[in-house]
Structures are given as structure tokens and as C-alpha cells.
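Chain by chain, the residues run as shown.
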Amino acid sequence: MKTFKGEARDKKLWNDFLNQQNNDSNSFLKACWLYAECYVYRRLYYFFENHRILKTYDYFSQNKQKAFTISVGAMLNVFEVLQSMKSHISDDNLKLLLKLNLWGNRCDLSISSGKEVKPGDNPFELARNLDKKIIVDESCKIIECLNHADRKNSVIEFICDNAGYELFTDFILADYLIESKLVSKVRFNLKAMPWFISDATFNDFRWSLEYMKNHSSPVLREYGQKWQAFVIGNKFELANVNYFWTSPYEYYRMPEIDPELHKRLSKSHLVIFKGDLNYRKLISDFSWDCTESFKTCLKGFQPTNLCSLRTIKADLICGLLEGQSKSLEKENNEWMITGEFGTIQFAAKCDCFHNSDR
């Protein structure tokens, strides 16, 4: 794997990493899969960013925008249910929105090889029906954590995954957290470049809100305008560009590689990591014993309370009960790569939260 030239702002970050690799592992075929996969997407962007005309071109944007527009039916259904939820704030509603957000992660173009992935037109019914597919459900711990927040000053960080419908479900959960006065601000961490086909960039965030604001549907227009106002009013905040999210580094190395980012996350009340790649980086892309605890697999990465919402698309997992993996394998021997199953996992900064769903 060759080092990077040109004027890229993350050149030193990547080159330091590549120069640390020994000759036996510094090739696409010999490097661990996490490193090789990240390198391919970074190298692809390198060809564009060093072109005079194409340097800002997002070669995945059409796929991501189509993923958003084909989901309008599902979005309208979500808004219909959301209106009734807001008249009755409850832990049950919050749990349902966490699960809606989890299953939004199914819409991943990097898994479907860029083919359209359309959510069903009744997402809440789907979320309820898929309860048995959530093989680790610690949503009650997340809710307890949120109920302990300093409501006037607490910040929640989303480490976003996919654009399209999943980003919409991020907005929905963030809106509920703000409207229910559980938190004062939600900060979105987005990718600085086209990444893993469908990952959400800053342009995807802005385009999505603009599309909604100009839509023919009154409710989409209303929420597009509302969420743009949230951005202006600092209730929704776009985190500054940070190239750590498009680096190959596992997250336990964040204090060493990007101490300022680690310090910023430590000031938030909860960090929500979305999707499979974030999960792989959280547990170091390591094949742990599947019954090992989530907290152990973080290898000390605990800037604050954190949780992971992930549909399973890679053969790495932790936090299962004894014998659970064997039961799942009997049901489907490819259960770890289909996106059919999901996990909601939580790690508290301190031992303050004792509620359990297990």
C-alpha cells in the first residue's frame, strides 16, 4: 500500500499509519481486512481530490440521493406515528425509536453492491416485528442513561453511518431527544469524503434537509424547515471535519492519534455509534469470543457513555449469551453477514446504570 502525495489534509495521518506497517503486511492482500478496505476507499478519493475539476466530486452522490428519494413513503409513515408519540413522551416510545434507528442501518449500499435498498412502507410495524431479530438488546440501559442526563446542558453525539433513509432515522431520533427535552443538543459526525459507498458526508446532510424543505409533501417541507432551523439554532450541530473517521485506526487508539477528538467526545453525555464499520472499529476488528463483554472488547475506549446500533454484516460480534451463537448458526449459517440480525449494545462510563434487557 503506497503512501499519499499531494495536498490532502489527512496525508500525514495516513502516511504515518502506512509507514508503521511492516513489509509483510503492507499490501492489500496481506493487510488485515479493516486496513485494506479503508485504504481502497481512501485511495479512490485520492484520484479525484488531486484533479483540478473533480476534486470536490462525490461519485456516490447519485446512489445516496436515490436511496433518500425512494424512501419518501416510509418517511411519511414515520411522521404520522411520530406526531402521536410527541403527545405522549415515554420510555416505550424512545425504545421504539432506537429500534427504528437500528433497522435503518439495513439500508447499506456497500453491502448491496450499490443496488437500491428500499425500506418497507410501515417502518414501525417492521421494527416491532423484528424484535426477535435483535440478539443483544440493551436499549433499556441507553434510556436509563438518557434519563440521567443534565437536560439543560447535555450533548449527544451521533457517529453517523449511511446517508439516505438511515440518516433520516438519525434525524427522527435526534428530533425526539430534543423535543422531549432529554438533551439540549445533538451533534452529527459525518465523513469528510465519499466513503464505503453510502456513508453520510456533510453535503449529504445538507442535501437531505434541502430536499425535504422543497418537497411537495407538506409534512416533509415542515420538518425540512424545522431541522434547518435546528441547525441554525444549534440544536442540531455538524461537528467540524475530522479525518479520524476516514482513517484506518481502531477507536481504542483515538486518545493517542487524535486526543482533541477524544477530549471533545468525553464532554458529551452519550455517543451513538451507527453501523457495522463503526462497530468493527470499536472492537478493533478482532475476532473476540462471542460471549466476551462489549466493554472488554472496547479495549479501554470509553471517553463517555457509548452505545452501538448495528445490523450485523461482518463476522465479528461480542456480548452474546452462552450457546446463542450456535443456535443462530443452526437457524442460518450465514447469520453474521446478511444484515438480518441486529444488536443494541451499551457501555457506561461508570457503573451508574444497572437496568438490563438481557
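Conventions used here
- Residues numbered from 1 in each chain as written.
- Predicted model: local features only at pLDDT ≥ 70, side-chain atom pairs only at ≥ 80, totals over all residues.
- Heavy atoms only, no water.
- Helix = DSSP H or I, 4+ residues; strand = E, 2+ residues; numbered from the N terminus.
- Rg over C-alpha atoms; globule rule 2.2 N^0.38 Å.
- Contact = heavy atoms within 4.5 Å.
- Areas by Shrake-Rupley, 256 points an atom, 1.4 Å probe, with all protein chains shown as cover.
- Lys, Arg positive; Asp, Glu negative; His and termini not counted.
- Charge placed at Lys NZ, Arg CZ, Asp CG, Glu CD.
- 1 Å grid on protein atoms, 1.4 Å probe; cavity = no way out; pocket = protein on both sides within 12 Å on 5 of 7 lines; lining within 4 Å.
- Points joined across faces, edges and corners; volume = space filled by probe spheres on them.
- Nonpolar A, V, L, I, M, F, W, Y, C, P; charged D, E, K, R; others polar.
- Domains from an automatic or database assignment.
- Core = buried A, V, L, I, M, F, W, Y, C linked by side-chain atoms within 4.5 Å.
- Buried < 20%, exposed > 50% of the residue type's maximum accessible area, 1.4 Å probe, protein only.
- Axes fitted to C-alpha atoms, helices over the stretch in contact; angles between N-to-C directions.
- Parallel < 35°, antiparallel > 145°, perpendicular 65-115°, else oblique.
- Left-handed = near helix turned anticlockwise from the far one by under 90°.
- Expected span 1.5 Å × (residues − 1).
- Buried area = accessible area lost by both parts, 1.4 Å probe.
- Salt bridge = Lys/Arg side-chain N within 4 Å of Asp/Glu carboxyl O.
- Polar contact = N/O pair within 3.5 Å; in protein donor to acceptor, adjacent residues only side chain to side chain.
- Phe/Tyr/Trp six-rings, centres within 6.5 Å; stacked < 30°, edge-to-face > 60°.
- Lys NZ or Arg CZ within 6 Å of the ring centre and 35° of its normal.

A look at the overall build of the protein
So, point 1. Across its full length, the protein carries 15 helices and seven strands.
So, point 2. In terms of C-alpha radius of gyration, the protein reaches 20 Å, essentially the compact-globule figure of 21 Å for 358 residues.
So, point 3. Considered along the principal axes of its C-alpha atoms, the protein spans approximately 60 × 50 × 40 Å.
So, point 4. In the protein, the share of contacts with a sequence separation of at least 24, taken over all contacts with a separation of at least 6, comes to 79%.
So, point 5. Of the accessible surface of the protein, which amounts to about 15800 Å², a share of 49% is contributed by carbon and sulfur atoms.
So, point 6. In the protein, the 48 positive side-chain charges and the 46 negative ones have mean positions that sit 5 Å from each other.

Thoughts on the layout of surface pockets
So, point 1. If you add up the space inside the largest pocket, you get close to 540 Å³.
So, point 2. Those elements giving two or more residues to the lining of the largest pocket turn out to be α2 (33-49) and α9 (202-213).
So, point 3. Counting residues per element, the lining of the largest pocket draws most heavily on α2, which supplies three residues.
So, point 4. Per-class residue counts for the lining of the largest pocket are nine nonpolar, five polar and nine charged.
So, point 5. Shared between two domains, the lining of the largest pocket takes at least three residues from each, and those domains are domain 1 (10-50) and domain 2 (61-347).

Regarding the nonpolar core
Inside soluble globular proteins, nonpolar side chains tend to come together where they are buried.
So, point 1. Counting residues in hydrophobic clusters, the biggest one holds 60 residues, and the most contacted among them are F188 and W227.
So, point 2. Here this core takes 10 residues from helix α8 (residues 165-179), the largest share from any one element.
So, point 3. Beyond its immediate sequence surroundings of up to four residues, W227 is in contact with F79, F168, F171, I172, D175, L209, M212 and F236.
So, point 4. Within the second largest apolar cluster, 55 residues are counted, among which are C38, L277, Y279 and L316.

Regarding the packing of α2 against helix α13 (residues 275-282)
So, point 1. Orientation of α2 relative to α13, taken along the N-to-C sense of each, is 135°, at an axis distance of 11 Å. The orientation of α2 relative to α13 falls into the category oblique. Where α2 crosses over α13, the two elements pack in a sense that is left-handed. The segment α2 lies against α13, with W33, L34, E37 and C38 engaging L277, R280 and K281.
So, point 2. Its residues placed into classes, the contact of α2 with α13 shows four nonpolar, no polar and three charged.

What to know about α8
So, point 1. Taking 1.5 Å of rise per residue, the 15 residues of α8 would be expected to cover 21 Å, and the 21 Å separating its terminal C-alpha atoms lies within 8% of that figure.
So, point 2. K181 sits one or two positions beyond α8 and adopts a positive phi of about 60°.

Considering the domain arrangement of the protein
So, point 1. Here the protein is partitioned into domain 1 (10-50) and domain 2 (61-347).
So, point 2. Using C-alpha coordinates to define each centre, domain 1 is positioned 26 Å away from domain 2.
So, point 3. Contact residues are listed per partner, giving 14 residues for domain 1 and 19 residues for domain 2.
So, point 4. Interface area for domain 1 against domain 2, summed over the two sides, is near 1500 Å², with a carbon-plus-sulfur share of 69%.
So, point 5. Its largest share of buried area at the contact with domain 2, domain 1 owes to L13, L34 and Y41, together 41% of the area lost on that side.
So, point 6. Our enumeration of links across domain 1 and domain 2 arrives at one salt bridge.
So, point 7. As a salt-bridge pair, R280 and E37 come within 2.9 Å of each other at their nearest N and O atoms.
So, point 8. Between the two partners, domain 1 and domain 2, sit four residue pairs in polar contact (both at pLDDT 80 or more).
So, point 9. Elements supplying a minimum of two residues to the side of domain 1 that touches domain 2: α1 (11-20) and α2.
So, point 10. The element that contributes the greatest number of residues to the side of domain 1 that touches domain 2 is α2, accounting for eight residues.

Focus: the packing of aromatic side chains
So, point 1. Under the criterion given, the structure shown has 44 aromatic pairs.
So, point 2. When the centroid spacing of 5.1 Å and the interplanar angle of 20° are considered together, the rings of W207 and Y211 count as stacked. Separated by four residues within a single helix, W207 and Y211 lie in helix α9, roughly one turn from each other.
So, point 3. Classification of W207 by relative accessible area gives partly exposed; the value is 26%.
So, point 4. On the basis of an interplanar angle of 5° and a centroid distance of 6.4 Å, the ring pair of F244 and Y249 is categorised as stacked.
So, point 5. Judged by its relative accessible area of 1%, Y249 falls in the buried class.
So, point 6. One residue, R43, lies across the ring of F4, its end atom 4.1 Å from the ring centre.
So, point 7. One cation-aromatic arrangement involves K299 over Y252; the distance from NZ or CZ to the ring centre is 4.1 Å.

Looking at the packing of α8 against helix α10 (residues 218-232)
So, point 1. Between α8 and α10, whose axes approach to 12 Å, the crossing angle comes to 65°. By the criterion of interaxial angle, the relationship of α8 to α10 is roughly perpendicular. Note on packing geometry: the crossing formed by α8 with α10 is left-handed. Contact with α8, carried on its side by F168, F171, I172, D175, I178 and E179, involves Y223, K226, W227 and F230 of α10 and no other residues of that element.
So, point 2. In terms of residue class, the contact of α8 with α10 is made up of seven nonpolar, no polar and three charged.

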